[in-house]
Amino acid sequence: MRWSHIGLRRFAVFGAVFAMAPATLLLSTPARAASDPFNHGGNVLITDQFNNRVIEVDPATKDIVWSFGSGDPSLCNPGPGTVIGPNDAERLGDGLTLISGTGVPAGASPADPSFAQADNRVFVVDRQGHIHWQYGQAGVTGSGDNQLNVPVFAIQLPNHNILITDQGNNRVIEVSRTTRHVVWSYGPASGPGALSGPNSAELLTNGHILIADQGNNRVIEITRSGHIVWQFGSGNPAVTHPLDIAAFASRLPNGDTLITDSGHARIVEVTEAKHVVLQYFTDHATGSVAAPLPTNAVRLRNGDISIADQFNHRALIVNSDGDRLLEQTGETGVFGTGFDQLDGPYTAFVIGDYTGQTVPPEDFSPSSP
């Protein structure tokens, strides 16, 4: 079983165009009682990786208002009501949630280093935890039809298809939501375009795809025909490079690119001309571990930045200058399963704010899995 996602880096070193809606579009939310805290704009959706759960948190109260998964770091059976090692969760229309069930390699979980289990599914669940759509099979690793290998990231495209970053297969694929067939794929086996453990892929407003090519220490923008039109980072892990483990990237409304430079424990904003205009280091926090390996950061509509600081076991929001902590879930450097505790959070997205990200359609039109 091949594992290459960022969590393992803690223990060993690895080496058809369509228009997108404006990035600041807010999705409507389902009708609900005024006292219902679920799916409120401003809540934070967190993939609590090694607790095997996805949670929605009210940042004001730190209350968990919705959860999917066991919350048990030793659970070893992926299935209809469980997820193993989720690396990404995105809130869709109608209160549905798209989840990437990545799995956990041996030695990655701080709570139980002996625990290891593949998941290899991307699926959509409703509020009650019922699966409405799925690609990949629980615990099955492969590259064939309906098979994935460490799917770390997934988004729903404006055409309703699902774009999956299939890290272990070194590819990004677009899967038809209706037929569950791969209708587009990128991941040449060799050459300058070859991927090495890609960690995220976003659709840009120009129809191109922005990929965080983790193992190659670079971020690339490709056309749908596979041509690289922009790159930041060397693409060669053996030479000097400005990135060390490119974990996530998004294109901001001003044309800059926000990158989670995990190996350097920093969030960095670069211009199209590749000038650095902002940096935020998560290992500078009091109580930080030596190598927190942050995995995800997004700019919010108000200019703040939401960050998943993986091995500092916290999700945080800092101000637009990156010099002041505004909100935090989890205690810096401390993992756990209790109240306000996290274990390796991988993504942290603010519900209703898709600034710099791919905006999903308002309706998923659920079908049977």
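Residues numbered from 1 in each chain as written. Predicted model: local features only at pLDDT ≥ 70, side-chain atom pairs only at ≥ 80, totals over all residues. Heavy atoms only, no water.

### As for the overall build of the chain
Argument step 1. Of the regular secondary structure elements, the chain holds 0 helices and 24 strands.
Argument step 2. Looking at the chain as a whole, 62% of its 369 residues are labelled buried.
Argument step 3. Carbon and sulfur atoms provide 52% of the accessible area of the chain, an area that totals close to 12800 Å². (Helix = DSSP H or I, 4+ residues; strand = E, 2+ residues; numbered from the N terminus. Buried < 20%, exposed > 50% of the residue type's maximum accessible area, 1.4 Å probe, protein only. Areas by Shrake-Rupley, 256 points an atom, 1.4 Å probe, with all protein chains shown as cover.)

### Here we look at unusual backbone geometry
Argument step 1. Not every positive phi belongs to a glycine, and His 313 is a case in point at roughly 55°.
Argument step 2. With respect to the helices and strands, the residue His 313 is situated in the loop between β21 (305-309) and β22 (314-318).
Argument step 3. Residue His 313 is classed as buried on the basis of its relative accessible area, which comes to 2%.
Argument step 4. Positioned with a positive phi, Asp 340 is a non-glycine residue whose angle comes to about 55°.
Argument step 5. Along the chain, Asp 340 turns up in the loop between β23 (325-329) and β24 (345-350).

### Examining the sheet that holds strand β10 (residues 171-175)
Within a sheet, each strand pairs with its neighbour through backbone hydrogen bonds, oriented either parallel or antiparallel.
Argument step 1. If you walk across this open sheet you meet the 4 strands as β8-β9-β10-β11, and the pairing is antiparallel. Pairing within the sheet leaves two strands with one partner each, and these edge strands are β8 (151-156) and β11 (182-186). For this sheet, the mean inter-axis angle between neighbouring strands, taken without regard to orientation, is 20°.
Argument step 2. Relative to β11, β10 runs antiparallel, the two sharing 4 bridges. (Pairing = 2+ DSSP bridges. Axes fitted to C-alpha atoms, helices over the stretch in contact; angles between N-to-C directions.)

### Quick look at the side chain of Gln 167
Argument step 1. Take Gln 167: it is sitting in the loop between β9 (162-166) and β10.
Argument step 2. Among the polar contacts listed, one links the side chain of Gln 167 to the side chain of Asn 199, at a separation of 2.7 Å. (Polar contact = N/O pair within 3.5 Å; in protein donor to acceptor, adjacent residues only side chain to side chain.)

### Section: the packing of aromatic side chains
Argument step 1. Within the structure shown, the criterion is met by 6 aromatic pairs.
Argument step 2. Relative to Trp 66, the ring of Phe 38 has its centre 6.3 Å away and its plane inclined at 55°; by these criteria the two rings are tilted. In this pair, Phe 38 is assigned in the segment before β1 (44-48) and Trp 66 in strand β3 (residues 64-69), connecting sequence segments 28 residues apart. A single burial state applies to Phe 38 and to Trp 66, both of which are buried.
Argument step 3. Cation over ring: Arg 91 sits above Trp 66, and NZ or CZ is 5.3 Å from the ring centre.
Argument step 4. Positioned above the aromatic ring of Trp 230, the side-chain terminus of Arg 251 is 5.3 Å from the ring centre. (Phe/Tyr/Trp six-rings, centres within 6.5 Å; stacked < 30°, edge-to-face > 60°. Lys NZ or Arg CZ within 6 Å of the ring centre and 35° of its normal.)

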